[in-house]
Structures are given as structure tokens and as C-alpha cells.
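Commentary on secondary and tertiary structure
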Amino acid sequence: MRALVTGGTGRLGSAIVDRLRAEGWSVVAAGRRDGDLRRAGAARSLAERASAELGGLDLLVNAAGEGFEPRPFEQLAETDWDAALGATVKGSFFVTQGAAPALRESRGLVVMIEDVAAYQAWPLFAAHCAAKAAQAMLTRVLARALAPHVRVCGIAPGPVAVAPEQVERRARETLLGRVGTPADVAAAVLFLVGADFVTGSSIVLDGGRLLQSKA
Ligand SMILES: NC(=O)c1ccc[n+]([C@@H]2O[C@H](COP(=O)([O-])OP(=O)(O)OC[C@H]3O[C@@H](n4cnc5c(N)ncnc54)[C@H](OP(=O)(O)O)[C@@H]3O)[C@@H](O)[C@H]2O)c1
């Protein structure tokens, strides 16, 4: 089985890559050096190169993202918007567009790595929340656009790769009283690979963060 993981050099992406390789997959783990996903041409050509290198594609994981920086409303700049939307929204779309022919051939799967920020309004992360809401909508739109040959699903993590000094606070924001791990996200990707009647929906993987009214 063959996979392209964008953001494959990042915290979540590298855990997904490691797990897929441990399960016997051939994986292209893409980082910025493999193309700037804010640009449509670079995004499409990454998918085409990965597919050529692997001899096809069974899975695309869109895990690239940037711009997760707290900024008060008054200070949010155009560059912050471009960072938040670029790789996450445009990148996810155009990599998927480039990968679609190979995925159709293999009856493959696209997994969007979303965020609970798509569903919660965080004033210090306006551009990030808007970008994640747009990406979560793309999961549904692309599921329709690529059906019936290709499934498109999402995973919306809560706190799963948290700086050590923030673990205690972020753990209190969940119902389970603990943070998750990138390996939890990788396990969900493997679940979706086998869930062949699931398309157009997203798994919320947040320890109950969305339901925690104190947060
Ligand atoms: N961390 C969490 O707890 C958490 C929670 C919820 C959702 N998420 C979501 O999960 C995704 C990955 O998060 P992460 O924590 O793994 O992030 P990360 O560690 O900062 O990694 C980001 C990845 O995206 C790549 N990237 C960034 N900008 C790019 C660009 N313009 N073109 C190509 N590649 C680019 C980076 O490549 P380089 O390595 O080359 O820089 C890296 O591989 C994001 O969409 C994030 O919103 C994360």
C-alpha cells in the first residue's frame, strides 16, 4: 500500500508516517523542502511526483499546516491569514486535486487532519479557526466530488502534540483529564483506511474537549 503524507515531517505527520511504515506501507513523507503547498502548482506536482515514485497511491493524508500562533484580533495581519489558510486550505485542496487520478485508480482514501478549532470560536486564533472550518468543509465537498471511487474523511484532533509546559492546562480542558498523542491520530488514520463504508465524515479525537463546558 502506498501513501503520501503532507506535513510528514511535522509532529502529527511523522507519527502517521511511522505507523504506516510499521504496517508495511511505502510512504512519501513531505515537508516544506518538497514544495510550498501554499502554491497550487507545487501542491499538485507534489502529488504527481509521489504517485510516480510509489507507482500509484492508495492514501493521501493532508497533515501540513502552519500559522497556529495566538494573535489578538487587532493585531492579526494579512501574513497571518496567508499562513493559516495557505497549506491547510489551498494546499489540502490542490494536493488532493493532483492525487485524484491515482486515487481513483486505486479506489483510495483522503484523510484531512483538521482541528476542533473548526467547531470552536477561539478569539486569539481567528484565522486558524476560519482555516480549519474551511478545511473541514472541504472534507465534505471533496467526498461528494470524488465519490464513488475515492473516500474523503477527516480527523479533528484536540490537544495531541502539546508543549510540556502546557500539558497540565490543556489536560484540564478535556473530559478525560489528559492530553492525547500523535500516535492516537495515526491509529485513527489506520481505522479510516479499513472503514470502507465511511466517507464525508470526521472523527473528533479530543478527549471530550468539544464537550467540556469549562474550557
Ligand atoms: N499539534 C496538535 O496538537 C494539533 C491539534 C489539532 C490539530 N492539529 C493539526 O494537525 C496538523 C499538523 O500539526 P502539527 O502539530 O504536526 O504541526 P507541525 O509539527 O508544525 O508540522 C507542520 C508540518 O507542515 C509542513 N508545512 C508547513 N507549512 C508548509 C508549507 N507552506 N508547505 C509545505 N509544508 C508545510 C511542515 O513542514 P516542515 O517540517 O518542512 O516545516 C511540517 O511537516 C495541522 O493542520 C494542525 O492544525 C494539530
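In this text, all values refer to a predicted model and were calculated from it rather than measured experimentally.

**Description of the packing of helix α1 (residues 11–22) against helix α6 (residues 182–194)**
- Taken N-terminus to C-terminus, the directions of α1 and α6 make an angle of 55 degrees; their axes are 8 Å apart at the nearest point. Compared by their axis directions, α1 and α6 come out oblique. In terms of crossing hand, the pair formed by α1 and α6 is right-handed. Contacts from Arg11, Leu12, Ala15, Ile16, Arg19 and Leu20 of α1 reach α6 at Pro182, Ala183, Val185, Ala186, Ala187, Val189 and Leu190.

**Some points on the nonpolar core**
- In this structure, Leu4, Leu37, Leu57, Leu60, Val95 and Leu103 are the most contacted members of the largest nonpolar core, which totals 31 residues.
- Contacts of Val95, omitting those with residues within four sequence positions, involve Leu4, Thr6, Leu37, Ala43, Ala47, Leu60 and Asn62.
- Among the nonpolar cores identified, the runner-up in size contains 25 residues, and Ala3, Leu12, Ile16 and Val27 belong to it.

**Describing the packing of helix α3 (residues 78–106) against helix α4 (residues 126–146)**
- Packing of α3 against α4 leaves a shortest axis separation of 8 Å and a crossing angle of 15 degrees. In terms of orientation, α3 lies roughly parallel with respect to α4. The element α3 and its partner α4 pack so that their crossing is right-handed. When α3 is examined against α4, the residues Asp80, Trp81, Ala84, Leu85, Thr88, Val89, Ser92, Phe93, Thr96, Ala100 and Arg104 are found in contact with a partner set consisting of Ala126, Ala127, His128, Ala130, Ala131, Lys132, Ala134, Gln135, Leu138, Leu142, Ala145 and Leu146.
- Tallied by class, the residues present in the contact of α3 with α4 amount to 15 nonpolar, five polar and three charged.

What counts and what doesn't
Residues numbered from 1 in each chain as written. Predicted model: local features only at pLDDT ≥ 70, side-chain atom pairs only at ≥ 80, totals over all residues. Heavy atoms only, no water. Axes fitted to C-alpha atoms, helices over the stretch in contact; angles between N-to-C directions. Helix = DSSP H or I, 4+ residues; strand = E, 2+ residues; numbered from the N terminus. Parallel < 35°, antiparallel > 145°, perpendicular 65-115°, else oblique. Left-handed = near helix turned anticlockwise from the far one by under 90°. Contact = heavy atoms within 4.5 Å. Core = buried A, V, L, I, M, F, W, Y, C linked by side-chain atoms within 4.5 Å. Buried < 20%, exposed > 50% of the residue type's maximum accessible area, 1.4 Å probe, protein only. Nonpolar A, V, L, I, M, F, W, Y, C, P; charged D, E, K, R; others polar.

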